[in-house]
Amino acid sequence: MDVGQVVGGNLRRLRTAAGISLADLAAAGGIGKTTLHGIELGQANPTLSTLWALATALKVPLGELLEAPASAVEVVRATDDRPRAEGDAVGARLLHRIRIRGTVEVYDIEVAGAEQHSDAHLPGVEECLVVTEGSVTTGPADAAAELETGDSIRFDAASPHVYQGRGTRNRAVLLMLHPEP
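Description of the structure in this document. Throughout, residues of each chain are indexed from 1 in the direction in which the sequence is written. Local features in this predicted model are restricted to residues of pLDDT 70 or higher, and side-chain atom pairs are both shown and tallied only at a pLDDT of 80 or more, whereas totals for entire chains, interfaces and linings draw on every residue. Only heavy atoms go into the side-chain values, all of them from the structure, while hydrogens and water stay out.

### A closer look at the sheet that holds strand S8 (residues 145–148)
Strands in a sheet are paired, the pairing made by backbone hydrogen bonds, and the direction either parallel or antiparallel.
Part 1 of the argument: Spatial ordering of the open sheet is given by S5-S10-S7-S8, a layout of 4 strands whose pairing is antiparallel. Two strands lie at the open edges of the sheet, namely strand S5 (116–118) and S8, each paired on one side alone. Between one strand and the next, the sheet's axes are offset by a mean angle of 20 degrees, whatever the strand orientation.
Part 2 of the argument: Paired strands, as defined in this entry, are two strands with at least two bridges between them according to DSSP. Secondary structure elements are defined from DSSP: runs of H or I of at least 4 residues count as helices, runs of E of at least 2 residues count as strands, and each element is numbered from the N terminus. Bridging between S5 and strand S10 (residues 161–165) involves 3 bridges; their strand directions are antiparallel. The partner of His117 across the bridge, within S10, is Val162. Interaxial angle, 0 to 180 degrees, is taken between N-to-C directions of lines fitted to C-alpha atoms, where a helix line uses only the stretch in contact.

### Some remarks on a nonpolar patch on the surface
Part 1 of the argument: A cluster of nonpolar side chains, Ile100, Val104 and Val106, forms an exposed patch at the surface whose accessible area comes to about 230 Å².
Part 2 of the argument: Looking at the secondary structure, you find Ile100 in the loop between strand S3 (91–93) and strand S4 (102–110).
Part 3 of the argument: According to the relative accessible area criterion, Ile100 is partly exposed, its value standing at 31%. Residues forming no salt bridge and having over 30% relative accessible area are the ones grouped into patches, like charges within 9 Å of each other and nonpolar side chains (Val, Leu, Ile, Met, Phe, Trp, Tyr) within 5 Å. Reported accessibility uses the Shrake-Rupley method at a 1.4 Å probe radius. Residues are deemed covered only where the shown protein chains occlude them. The rule for a salt bridge is simple: a side-chain nitrogen of Lys or Arg has to be within 4 Å of a carboxyl oxygen of Asp or Glu. Relative accessibility under 20% of the residue-type maximum defines a buried residue, over 50% an exposed one, and the middle range a partly exposed one, all with a 1.4 Å probe and only protein chains included.

### Thoughts on helix H1 (residues 3–18)
Part 1 of the argument: Taking 1.5 Å of rise per residue, the 16 residues of H1 would be expected to cover 22 Å, and the 22 Å separating its terminal C-alpha atoms lies within 8% of that figure.
Part 2 of the argument: Taken residue by residue, H1 has Gly4, Val6, Val7, Gly8, Asn10, Leu11, Leu14 and Arg15 as its buried positions.
Part 3 of the argument: Elements in contact with the buried residues of H1: helix H2 (22–29), helix H3 (33–40), helix H4 (48–58) and helix H5 (63–66).
Part 4 of the argument: One or two positions beyond H1, positive phi appears at Gly19, with a value near 70 degrees. Expected span of a helix: the number of residues minus one, times 1.5 Å. When checking whether two residues touch, look at their non-hydrogen atoms; a contact exists if any pair is within 4.5 Å.

### Some points on the layout of surface pockets
Part 1 of the argument: The distinction between a cavity and a pocket rests on a 1 Å grid over the protein atoms alone: a 1.4 Å probe fits inside a cavity but cannot get out, while a pocket stays open yet meets protein on both sides within 12 Å along at least five of seven lines, and a residue with an atom within 4 Å of a point counts as lining. Grid points are joined across faces, edges and corners, and a volume is the space filled by probe spheres set on the points. Space inside the largest pocket adds up to approximately 1,700 Å³.
Part 2 of the argument: As for the largest pocket, its lining consists of 37 residues, and the residues nearest its centre are Arg13, Leu14, Glu64, Arg99 and Glu126.
Part 3 of the argument: Breaking the lining of the largest pocket down by element, the ones donating at least two residues are H1, H4, H5, strand S9 (152–156) and strand S11 (171–179).
Part 4 of the argument: Here the lining of the largest pocket takes 5 residues from H1, the largest share from any one element.
Part 5 of the argument: Here the residues of the lining of the largest pocket are counted per class, giving 21 nonpolar, 4 polar and 12 charged. Think of it as three bins: nonpolar holds Ala, Val, Leu, Ile, Met, Phe, Trp, Tyr, Cys and Pro, charged holds Asp, Glu, Lys and Arg, and polar takes everything else, Gly as well.

Put into structure tokens, the structure is as follows:
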């Protein structure tokens, strides 16, 4: 995906998430509505000053417009080599970095062997699950992953997703990430 398409997709996603109309963002950014529409379609090559103006109007860092979105699903296996930091009593392994303005709910969950289909949550809601015992199949309904103890997954929960325990006792820590309204 080229830079214009990345910027256009990010701009459209951020504008929609903020509930701002095309006309209102164009006015706030000091550019024409047709120009903004072309940028969102990935058909324009906006200048740095235009990008700064749009980022400012959306109240986001410039990098939010420039950086390609992360994969919708990120699975980390217990055996994956991930960044670590060691202290006198605590060793920490980075599993996921999640940017959010909003609320994080933390749950200790048990997952039985029956398959549970969860409806899509509100736009912007993410789930991050770390299996602490047993094995679990979870993730988007069309891309669920089988996870073992110590594995983790992060995914966009704004689409249908599934949960199913695979062992006799399956436990996990679930983080529900809700963006600001």
